[in-house]
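Here is what each chain is made of, one letter per residue.
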Amino acid sequence: MSACLAIDFGGTRSRAALFDREMRLLRRAETRSRVSDGPDIVLDRLIALGKSLTEAGGEPASIGIAAPGPLDTAAGVIIQAETLPGWSQVPIGETLSRAFAGLPAFVENDANLGALAEYHLGAGQGADPMIYLTISTGIGGGAIVNGELFTGANGHAIEPGHMRLTQHDGRIRRWEELASGTALGELARHRLSTSPAPSVLRESDAIDGRAVGEAALAGDEFALDCLRQAGTFLGLGLVNLLHLFNPAAFVMGGSVMKLGDLILEPARKAIEQHILFEGFLPENLLRPARFGDDVCLVGAALHARQFA
């Protein structure tokens, strides 16, 4: 089988890579997505990114595309996405196929493709069921069950970040509003505005998840306490997934996971406190993802090779 062109289109950055038939990376490029420019301009930019790799040789036989959902994967259409304001019914698969002389293009949810990559080639090898989670701006995920990607009745599974959890004050919020990088920033800003707690964050120009993480790594007690709260909610969401899927492993990626035990330790405590019984807790349950920023590129190439 010839080379495969993989495209990872996100709300912030877009990446492209060319893989050979043994899944060796030949070339790679990336750029800012600038989705506010609108679908036509952004898709032209994606096409140019892909062609910058193929013009040097290694003509692909297929195109794998990772995109935020919800998607109509059969039609290759972005139905809508919270990270893409104003985008609706965008035919990303057909557009890229036409630009590359009618090559077959296969579109799938980005986190689902991350699950494929980690299950077949990464930290999830040998774990079934396996759930891949990416915890960064939001929380996305994909599930492997019986060796296959689980996508549900209409192709929309799984969307773990949209699980609903109840806060201490009774408000019901999405999991990603409580345990993501965005949630960390919002929590810190709220606490700083409602309490006199000392923190180096009061001197920050922008208080976001990254700033909170950096302050916590430097030992700032206020930031560490924000991480403990977010980590507890992270653990509560993991408990729900444990009870639903009884996975052999969670493979966890995304920028928030770079904080390691600062957020995972409160998550583990929440799991231990709320799990039904120990039979849901296999050894090596929480595993760091292997592929980092390239996880969706690897998954997109695997997906396209599977169907091409």
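Just so it is clear, the structure is predicted and the values come from calculations on it, not from any experiment.

J.: With reference to specific residues and values, describe the overall build of the chain.
T.: When its secondary structure is counted, the chain shows 9 helices and 14 strands. What you see for the chain is a C-alpha radius of gyration of 20 Å, in line with the 19 Å of a compact globule of 308 residues. Counting only residues that meet the buried cut, the chain has 52% of its 308 residues in that class. About 14,100 Å² of surface is accessible on the chain, with carbon and sulfur atoms providing 50% of the total. The centroid of the 26 positive side-chain charges in the chain is displaced by 3 Å from the centroid of its 36 negative side-chain charges.

J.: Help me get a handle on unusual backbone geometry, residues and values and all.
T.: The residue after G69, namely P70, is reached through a cis peptide bond having omega 5°. Its location among the elements puts P70 in the loop between β4 (60-67) and β5 (71-72). A cis amide bond links A157 with the next residue in sequence, I158, at an omega value of -10°. Position of I158 among the secondary structure elements: in the loop between β10 (148-150) and β11 (164-166). A positive phi angle is found at Q89, which is not glycine, with a value near 55°. Following the sequence through the fold, Q89 ends up in the loop between β6 (77-78) and α2 (92-99).

J.: Which residues make up the pairing of strand β1 (residues 3-9), and what are the values?
T.: Burial within β1 is extensive, with 7 of its 7 residues counted as buried. Going residue by residue along β1, you find A3, L5, I7 and F9 tucked away on one face and C4, A6 and D8 tucked away on the opposite face as well. Bridge count for β1 against β4 is 6 bridges, and the pairing is parallel. Opposite I7, over in β4, you have I65 as the bridge partner. Sheet topology places β1 next to strand β2 (residues 13-19); 6 bridges connect them, and they run antiparallel. Its bridge partner being in β2, F9 is matched across the sheet by S14. Adjacent in sequence and paired antiparallel, β1 and β2 are bridged by 3 residues.

J.: A description of the nonpolar core should follow, citing residues and the corresponding values.
T.: With 47 residues, the main nonpolar core has W175, L201, L234, F250 and M252 as its most contacted residues. Secondary-structure elements contributing two or more residues to this core are β8 (130-135), β9 (139-145), α4 (176-179), α5 (181-194), α6 (209-217), α7 (221-245), β13 (249-253) and α8 (261-274). The dominant element in this core, judged by the number of residues it contributes, is α7, at 12 residues. In this structure F250 touches I131, L133, L238, L241, L242, L285, L286 and R287, once residues within four positions along its chain are discounted. Core analysis: the second largest hydrophobic core is formed by 29 residues, L113, I144, L297 and L302 among them.

J.: Which residues make up the packing of aromatic side chains, and what are the values?
T.: Per the stated rule, a full pass over the model turns up 3 aromatic pairs. Relative to W87, the ring of F9 lies with its centre 5.3 Å away and its plane at 35°, an arrangement referred to as tilted. With F9 in strand β1 and W87 in the loop between β6 and α2, this pair connects stretches of sequence that are 78 residues apart. When the centroid spacing of 5.6 Å and the interplanar angle of 80° are considered together, the rings of F277 and F280 count as edge-to-face. Cation over ring: K51 sits above F100, and NZ or CZ is 5.6 Å from the ring centre.

What counts and what doesn't
- Residues numbered from 1 in each chain as written.
- Predicted model: local features only at pLDDT ≥ 70, side-chain atom pairs only at ≥ 80, totals over all residues.
- Heavy atoms only, no water.
- Helix = DSSP H or I, 4+ residues; strand = E, 2+ residues; numbered from the N terminus.
- Rg over C-alpha atoms; globule rule 2.2 N^0.38 Å.
- Buried < 20%, exposed > 50% of the residue type's maximum accessible area, 1.4 Å probe, protein only.
- Areas by Shrake-Rupley, 256 points an atom, 1.4 Å probe, with all protein chains shown as cover.
- Lys, Arg positive; Asp, Glu negative; His and termini not counted.
- Charge placed at Lys NZ, Arg CZ, Asp CG, Glu CD.
- Pairing = 2+ DSSP bridges.
- Core = buried A, V, L, I, M, F, W, Y, C linked by side-chain atoms within 4.5 Å.
- Contact = heavy atoms within 4.5 Å.
- Phe/Tyr/Trp six-rings, centres within 6.5 Å; stacked < 30°, edge-to-face > 60°.
- Lys NZ or Arg CZ within 6 Å of the ring centre and 35° of its normal.

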